[in-house]
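What follows is the residue order along each chain.
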Amino acid sequence: NIAGETMRAILEGLQYPQTLLQAAIRRIKAEREVTYPRAAFIKACINRTVRYKNPTQKEELKMSLDESNTNVGYRLGRLFATLEKIQQESHPGINATIRDKFYSSASSSPVTVFGNLMRFKNHHLAKLENVGRRRNFERLIGEIVSAISDYPPHLKLDDQGRFAIGYYHQMQEFYTKKDKQGK
């Protein structure tokens, strides 16, 4: 039945079935990894829904990091990626990151997780030897958090998708900048 609904959505320009978005988000939570195909699929679902509801708006989610996107789900995804990157750099040999322990709850009920993660952040930042890198992370966190008034108790399904995209975009930005600096 889901295949038929999906084909109908493609042929008639309708929204993709919500069950497809649910399945993609469920796989990310189970495997704790936002892969390119999953991110692209979630982005397609969200953009198609936005375009269906408002035909004049082409897309909500861009191809790469959108620093002007103020959606709380997207911003929290970016913040989570930044906190994970800080942890990775402050503890280079660590096997399990905050993504392994907190991704699922951070993306669905942020209020229960982000208070503690922000406290851990201070400990991780203190371990960074490079003062410039520490300042860059603090500046990035300030920029991301500036559009978040409160941590919501729950994120709707679409916002969980935006969380995944924000996380993916921010992580890609970290590696893109690293590649550019290395050249």
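The structure displayed is predicted, hence computed values, not measured ones.

Thoughts on the packing of helix α4 (residues 72-90) against helix α6 (residues 114-127)
Logical step 1: The N-to-C vectors of α4 and α6 enclose an angle of 35°; their axes lie 9 Å apart at closest approach. The way α4 lies across α6 gives a crossing that is left-handed. Residue-level inspection shows L76, L79, F80, L83, I86, Q87 and S90 of α4 in contact with α6, the latter providing F114, L117, M118, K121, H124, L125 and K127.
Logical step 2: For the contact of α4 with α6, the residue count by class is nine nonpolar, three polar and two charged.

Observations regarding the pattern of salt bridges
Logical step 1: Applying the stated criterion to the full structure yields 10 salt bridges.
Logical step 2: For R27, the salt bridge is made with E31, and the minimal N-O distance between the two is 2.7 Å. With R27 and E31 both in helix α2 (residues 18-31), this residue pair falls four residues apart, about one helical turn.
Logical step 3: For E31, a relative accessible area of 38% puts it in the partly exposed group.

Quick look at the packing of aromatic side chains
For any pair of aromatic rings, the description rests on two quantities: the centre-to-centre distance and the angle between the ring planes.
Logical step 1: The full count for this structure, using the stated rule, is nine aromatic pairs.
Logical step 2: Between F80 and F114 the ring centres are 6.3 Å apart and the planes differ by 75°, which places this aromatic pair in the edge-to-face class. Separated by 34 residues along the polypeptide, F80 in helix α4 and F114 in helix α6 bring together distant segments of the chain. In this structure, F80 and F114 share a single accessibility class: buried.
Logical step 3: Ring centres of F137 and F174 lie 6.2 Å apart, and the angle between their planes is 70°; this geometry places the pair in the edge-to-face category. With F137 in helix α7 (residues 131-145) and F174 in helix α8 (residues 157-182), this pair connects stretches of sequence that are 37 residues apart. No difference in accessibility class separates F137 from F174, as the two residues are buried.

Cut-offs used in this document
Residues numbered from 1 in each chain as written. Predicted model: local features only at pLDDT ≥ 70, side-chain atom pairs only at ≥ 80, totals over all residues. Heavy atoms only, no water. Axes fitted to C-alpha atoms, helices over the stretch in contact; angles between N-to-C directions. Helix = DSSP H or I, 4+ residues; strand = E, 2+ residues; numbered from the N terminus. Left-handed = near helix turned anticlockwise from the far one by under 90°. Contact = heavy atoms within 4.5 Å. Nonpolar A, V, L, I, M, F, W, Y, C, P; charged D, E, K, R; others polar. Salt bridge = Lys/Arg side-chain N within 4 Å of Asp/Glu carboxyl O. Buried < 20%, exposed > 50% of the residue type's maximum accessible area, 1.4 Å probe, protein only. Phe/Tyr/Trp six-rings, centres within 6.5 Å; stacked < 30°, edge-to-face > 60°.

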